[in-house]
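Descriptive structure summary
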Amino acid sequence: MACNNIPVMTTERSTVEIDQETSREQAEGQNRKHRFYYPWEESDLVLVVEQEKFHVHRLILCMNSPVFKAMFTGQFKEATSSEIPLPGKKANEILDFLHHIYYQHIQEPVEITMHNVEYLLKLSDEYQVQLIFKPCVKFLTDVQKTKENVMKLLLLADRYHLDNIRQGCCDNLLKNMKLKTMLEAVDFRDL
């Protein structure tokens with residue numbers, strides 16, 4: 001029906017109101033649905049990021065992260081909470097992060113790319129998830145160094161103390177770049 005907010009009689013005793021807001025929420029919900037959107041296979045914890053809920057398993061997070069393990073087994077309020085807000089995080093980044101943690105269980109890989117490596121490194125470093133950190137470092141080691149990505153690679157190498165990546169950038173690219181090309185490659189917002 002094209003009419004919004006108009007009561008429609010379905011039986012003599014009840015009316016159903018078609019609500020534009022409800023329809024919009026349903027449409028948005030369908031766009032946001034992912035593996036962690038609903039409770040599944042005895043998930044026992046909800047991470048809340050940007051008002052989006054991610055249903056996860058304490059045990060899986062504990063097995064992959066000493067930080068989560070300390071949160072859930074120590075004297076922190078998270079140990080007994082059923083919902084844990086993660087302020088300052090982005091939902092799409094947490095989704096990729098969870099896909100990597102759960103990869104052995106859900107078989108939904110997320111490829112590491114120049115687009116997502118920065119936030120995957122950040123999250124895996126913050127939560128000490130070697131299962132993600134090491135493949136990110138391998139990606140940065142193996143990725144072709146170009147004048148377009150060299151400054152981002154150097155920034156990440158410096159931030160996470162990845163000396164071999166820093167050295168690779170310097171040896172393979174920077175020593176052959178002219179000063180003008182180097183200045184073009186620098187994005188001063190990243191420094």
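All residue numbers here refer to positions counted from 1 along the written sequence of the relevant chain. Where totals are concerned, whole chains, interfaces and linings use all residues; where local detail is concerned, this predicted model gives features only for residues with pLDDT of at least 70, and gives and counts side-chain atom pairs only at 80 or more. No hydrogens and no water enter the side-chain calculation; it runs on all heavy atoms of the structure.

**A few points about the pairing of strand 4 (residues 52-56)**
Exposed residues in this analysis have more than 50% of their type's maximum accessible area, buried residues have under 20%, and partly exposed residues fall in between, with area computed by a 1.4 Å probe over protein chains only. Secondary structure follows DSSP: runs of H or I at least 4 residues long count as helices, runs of E at least 2 residues long count as strands, and numbering of each begins at the N terminus. In terms of burial, strand 4 is a largely internal element, four of the five residues being buried. Two strands pair when backbone bridges link them, and strand 3 (residues 45-49) and strand 4 are joined in this way by five bridges, in the antiparallel orientation. Across the sheet, residue leucine 47 finds its bridge partner in strand 4, namely phenylalanine 54. At least two DSSP bridges between two strands are required for those strands to pair. Between strand 3 and strand 4, which pair antiparallel in sequence order, lie two residues; one of them, glutamate 50, sits at a positive phi of approximately 50°.

**Looking at the pairing of strand 3**
The two faces of the sheet receive side chains in turn, since in a regular strand these alternate between them. Judged by how many residues are buried, strand 3 sits mostly within the fold: five of five residues are covered. Where strand 3 lies against strand 5 (residues 83-85), three bridges are found, and the strand directions are parallel. Residue leucine 47 lies in a different strand from strand 5, and its bridge partner there is isoleucine 84.

**Overview of the sheet that holds strand 5**
Reading across the sheet, the three strands line up as 4-3-5 and stay open at both edges, with mixed pairing between neighbours. In the strand order of this sheet, the two ends are held by strand 4 and strand 5, each with one partner. Strand-to-strand, the axes of this sheet are offset by a mean angle of 25°, without reference to chain direction. Should any heavy atoms of two residues lie within 4.5 Å, those residues are counted as being in contact. Here the axes come from fitting lines to C-alpha atoms, over the contacting stretch only for helices, and the angles between their N-to-C directions go from 0 to 180 degrees. Sitting on the sheet, helix 4 (residues 91-101) is in contact with strand 3 and strand 4, with an inclination near 15° to strand 4.

**So, the pattern of salt bridges**
Each reported salt bridge corresponds to a side-chain nitrogen of Lys or Arg within 4 Å of a carboxyl oxygen of Asp or Glu. Applying the stated rule across the entire model yields seven salt bridges. Glutamate 118 is the salt-bridge partner of lysine 152, the closest N and O atoms lying 3.9 Å from each other. Of this pair, lysine 152 sits in helix 8 (residues 150-159) while glutamate 118 sits in helix 6 (residues 117-126), placing them 34 residues apart in sequence. Note that arginine 166 and aspartate 163 form a salt bridge whose closest N and O atoms lie 2.6 Å from each other. Placement of both arginine 166 and aspartate 163 in helix 9 (residues 163-172) is noted, with a separation of three residues, approximately one turn of the helix. Sharing partners across several salt bridges, the network here consists of Glu118, Lys152 and Arg159.

**Quick notes on the side chain of asparagine 64**
Tracing the chain through its elements places asparagine 64 in helix 2 (residues 58-64). There is a polar contact of 2.8 Å between the side chain of asparagine 64 and the backbone oxygen of isoleucine 60. Excluding anything up to four places from it in sequence, asparagine 64 contacts Ile101, Gln128, Val129 and Leu131. Polar contact criterion, stated in full: a pair of N or O atoms within 3.5 Å, where within protein one must be able to donate a hydrogen and the other to accept it, and residues adjacent in sequence count only if both atoms are side-chain atoms.

**Thoughts on unusual backbone geometry**
Positive phi is not limited to glycine here, since glutamate 50 has a value of about 50°. Relative to the helices and strands, glutamate 50 resides in the loop between strand 3 and strand 4. Overall, glutamate 50 belongs to the exposed group, its relative accessible area being 53%.

**Observations regarding helix 7 (residues 130-142)**
By this rule the span expected of a helix is its residue count minus one, scaled by 1.5 Å. Relative to the 18 Å expected for 13 residues at 1.5 Å per residue, helix 7 spans 18 Å between its end C-alpha atoms, a close match to the ideal helical length. For helix 7, the set of buried residues is Ile132, Phe133, Cys136, Val137, Phe139 and Leu140. Seen along its axis, helix 7 keeps its buried residues to an arc of 160°; they face one direction. Residues of helix 7 that are exposed and angled more than 90 degrees away from the buried face: Lys134 and Lys138. Note that the arc is defined by the directions from the helix axis to the C-beta atoms.

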